[in-house]
Amino acid sequence: MVPNAQVRHYRMKAAQRDMIAAAGGIERASEICGYSKSTVGRWNQADGKELMPLDALWALEAETSMPVMTGALAELSGRRLSDPREVADAEADIMRGYAELCRKAGDMMATMAAALADGKITPAEAQAYDRRLGELSDIIAACRKHAAGVRQAGGFSVVDGGAA
């Protein structure tokens, strides 16, 4: 038996569910990949044993332009996917990402300042703050990805518009 086989299986099942959701749900995924709704529904069950075949995986990833399952397979092998467009776009992305990070941080601080104005934080205010923190987390992850792209490209010069 392969070590951590059950962990790997559940990781793939999670990726499968994410892929089905990204495609628009069971019915839409069924239309895209040409399998019945009941089959796609079984693939979507968290505790089910069925994994989707490669033709379905490729069809869903092509339709959504999101290599969710391929990325999970790479992750389980200790690898990660890279997109050749990332390096080309890294310079512009790092500047856009920084601007977006500043904006999201401002939004998060404004939300918390408004919540603290009366000295109390309601559940709704805590939820709004948590939502802003989640948005900030997402943009931080994207900024880290942009920084990795610039590192991989050998740096970036804002003045010269190219490699440092």
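No experiment lies behind these values; they were computed from the predicted model shown.

S.K.: Give me the lowdown on the pattern of salt bridges, citing residues and values where you can.
M.R.: Scanning the model with the defined rule gives nine salt bridges in all. In this structure, Glu100 engages Arg103 in a salt bridge whose closest nitrogen and oxygen atoms are separated by 2.9 Å. Taken as a pair, Glu100 and Arg103 lie in helix α6 (residues 84-116) at a separation of three residues, close to a single helical turn. Relative accessible area serves as the criterion here: at 25%, Glu100 is assigned to the partly exposed category. A relative accessible area of 42% places Arg103 in the partly exposed class. For Arg132, the salt bridge identified is with Glu135, shortest N-O distance 3.3 Å.

S.K.: Quick one: what's the story with helix α2 (residues 26-33), residue by residue and with numbers?
M.R.: Of all the residues in α2, the buried ones are Ala29, Ser30, Ile32 and Cys33. Projected down its long axis, α2 carries its buried residues within an arc of 165°, all on one side. Where α2 is buried, its residues meet α1 (5-22), α3 (37-43) and α4 (54-64). Two residues or fewer after α2 comes Gly34, characterised by a positive phi angle close to 80°.

S.K.: Talk me through the nonpolar core; I want residue IDs and the actual numbers.
M.R.: With 16 residues, the main nonpolar core has Ile20, Ala29, Val40, Trp43, Met52, Leu60 and Met69 as its most contacted residues. For this core, the elements supplying multiple residues, two or more each, are α1, α2, α3, α4 and α5 (68-76). At four residues, α1 tops the list of elements feeding residues into this core. One finds Ala105, Met108, Leu136 and Ile139 within the second-largest nonpolar core, a separate group that totals five residues.

S.K.: Explain the side chain of Lys104 to me, and be specific about the residues and the numbers.
M.R.: Tracing the sequence through the fold places Lys104 in helix α6. Judged by its relative accessible area of 16%, Lys104 falls in the buried class. Ignoring anything within four residues of it in the chain, the contact list for Lys104 reads Glu135, Leu136 and Ile139.

S.K.: Which residues make up the confidence of the model for the protein, and what values go with them?
M.R.: For the protein, per-residue confidence averages 86 on the pLDDT scale, and residues scoring 70 or more make up 89% of the total. α6 is the least confidently modelled element of the protein, averaging 83 in pLDDT, while α2 averages 96, the highest of any element.

S.K.: Describe the packing of α1 against α5, and please don't skip the residues or the numbers.
M.R.: Orientation of α1 relative to α5, taken along the N-to-C sense of each, is 160°, at an axis distance of 8 Å. By the angle class used here, α1 and α5 are roughly antiparallel. Note that α1 runs across α5; the crossing there is right-handed. Residues Arg8, Arg11, Met12, Ala15, Gln16, Asp18 and Met19 of α1 lie in contact with α5, whose contacting residues are Val68, Met69, Ala72, Leu73, Glu75 and Leu76. Classifying every residue of the contact of α1 with α5 gives eight nonpolar, one polar and four charged.

Parameters at a glance
Residues numbered from 1 in each chain as written. Predicted model: local features only at pLDDT ≥ 70, side-chain atom pairs only at ≥ 80, totals over all residues. Heavy atoms only, no water. Salt bridge = Lys/Arg side-chain N within 4 Å of Asp/Glu carboxyl O. Helix = DSSP H or I, 4+ residues; strand = E, 2+ residues; numbered from the N terminus. Buried < 20%, exposed > 50% of the residue type's maximum accessible area, 1.4 Å probe, protein only. Arc of directions from axis to C-beta. Contact = heavy atoms within 4.5 Å. Core = buried A, V, L, I, M, F, W, Y, C linked by side-chain atoms within 4.5 Å. pLDDT = per-residue confidence, 0-100. Axes fitted to C-alpha atoms, helices over the stretch in contact; angles between N-to-C directions. Parallel < 35°, antiparallel > 145°, perpendicular 65-115°, else oblique. Left-handed = near helix turned anticlockwise from the far one by under 90°. Nonpolar A, V, L, I, M, F, W, Y, C, P; charged D, E, K, R; others polar.

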